[in-house]
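Observations on the three-dimensional arrangement
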Amino acid sequence: QVQLVESGGGLVQAGDSLRLSCAASPRIVGIYIAAWLRQAPGKEREFVAAITSSGSTTNYADSVKGRFTISRDNARNTVYLQMNSLKPEDTAVYYCAAALHGSAWPLGPYEYWGQGTQVTVSS
């Protein structure tokens, strides 16, 4: 079955940077919206960022504006999340998600989900 596979998580210090990647496996054609969401222990899953098919329109949660950048490489069918100035409160499992319909913009629902990658930011 189609899966989204995240990579790039890890343990970093506050102020460090990480870049997460999400690739469709097998390749998916026609993804309109790609997004990142995260879930911290004991908390509800929250929206982080979304991007449209052209890459020209993005949306970010207030908590990450100015620090995170979402981008996509359609030739590689891959979406990225560049995370700068990481804070301990960014610690969470990060999930990538995708939707085939523009009506999902920007908060979902999303049809495809990854398994998650752990990001831990120490103080």
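Structure first, text after, so check above.
Residues numbered from 1 in each chain as written. Predicted model: local features only at pLDDT ≥ 70, side-chain atom pairs only at ≥ 80, totals over all residues. Heavy atoms only, no water.

**Quick look at unusual backbone geometry**
- That bond from Trp-105 to Pro-106 is cis: its omega, -15°, falls within 30 degrees of zero.
- Note that Pro-106 resides in the loop between β9 (92-99) and β10 (112-113).
- The omega angle of the peptide bond from Gly-108 to Pro-109 is 5°, so this bond is cis rather than trans.
- Within the fold, Pro-109 resides in the loop between β9 and β10. (Helix = DSSP H or I, 4+ residues; strand = E, 2+ residues; numbered from the N terminus.)

**Quick look at the sheet that holds strand β1 (residues 3-7)**
- What the 4 strands build is an open sheet, ordered β1-β3-β8-β7; its pairing is antiparallel. Either end of the sheet is taken by a strand with one partner, and the two such strands are β1 and β7 (68-73). Going across the sheet, the axis of each strand differs from the next one's by a mean of 20°, ignoring polarity.
- With 5 bridges connecting them, β1 and strand β3 (residues 18-25) associate as antiparallel partners. Of the residues in β3, the one forming a bridge with Gln-3 is Ser-25. (Pairing = 2+ DSSP bridges. Axes fitted to C-alpha atoms, helices over the stretch in contact; angles between N-to-C directions.)

**Quick look at the nonpolar core**
- Core analysis: the largest hydrophobic core is formed by 37 residues, its most contacted members being Trp-36, Leu-81, Met-83, Tyr-94 and Tyr-110.
- Examining the composition of this core, we find that 6 residues originate from one element, β9, more than from any other.
- In contact with Tyr-94, other than residues within four places in its own chain, are Glu-6, Leu-20, Trp-36, Leu-37, Arg-38, Val-48, Phe-68, Leu-81, Met-83, Gly-116, Thr-117 and Val-119. (Core = buried A, V, L, I, M, F, W, Y, C linked by side-chain atoms within 4.5 Å. Buried < 20%, exposed > 50% of the residue type's maximum accessible area, 1.4 Å probe, protein only. Contact = heavy atoms within 4.5 Å.)

**Considerations on the state of the cysteines**
- Summed over the entire model, instances satisfying the criterion amount to 1 disulfide.
- The residue that forms a disulfide with Cys-22 is Cys-96, at a sulfur-sulfur distance of 1.9 Å. One quick way to see it: the torsion about the S-S bond of Cys-22 and Cys-96 is about 55°, and its sign makes the bridge right-handed. Highlighted residues: Cys-22 in strand β3 and Cys-96 in strand β9, separated in sequence by 74 residues.
- Judged by its relative accessible area of 0%, Cys-96 falls in the buried class. (Disulfide = S-S within 2.5 Å.)

**What to know about the packing of aromatic side chains**
- Counted under the stated rule, the structure contains 1 aromatic pair.
- Ring plane angle 90° and centroid distance 6.3 Å describe the contact between Tyr-110 and Trp-113, whose orientation is recorded as edge-to-face.
- For Tyr-110, a relative accessible area of 7% translates into the label buried.
- Arg-45 extends its terminal NZ or CZ atom over the ring of Tyr-95, reaching a point 4.9 Å from the ring centre.
- The residue whose ring lies beneath Arg-45 is Trp-113, and the NZ or CZ to ring-centre distance is 4.6 Å. (Phe/Tyr/Trp six-rings, centres within 6.5 Å; stacked < 30°, edge-to-face > 60°. Lys NZ or Arg CZ within 6 Å of the ring centre and 35° of its normal.)

**Considerations on the pattern of salt bridges**
- One pass over the structure, following the stated rule, counts 4 salt bridges.
- Notably, a salt bridge pairs Asp-90 with Arg-38, separated by 3.0 Å at the nearest N-O pair. Note that Asp-90 is positioned in the loop between β8 (78-83) and β9 and Arg-38 in strand β4 (residues 33-39), a separation of 52 residues in sequence.
- Note that Lys-65 and Asp-62 form a salt bridge whose closest N and O atoms lie 3.0 Å from each other. (Salt bridge = Lys/Arg side-chain N within 4 Å of Asp/Glu carboxyl O.)

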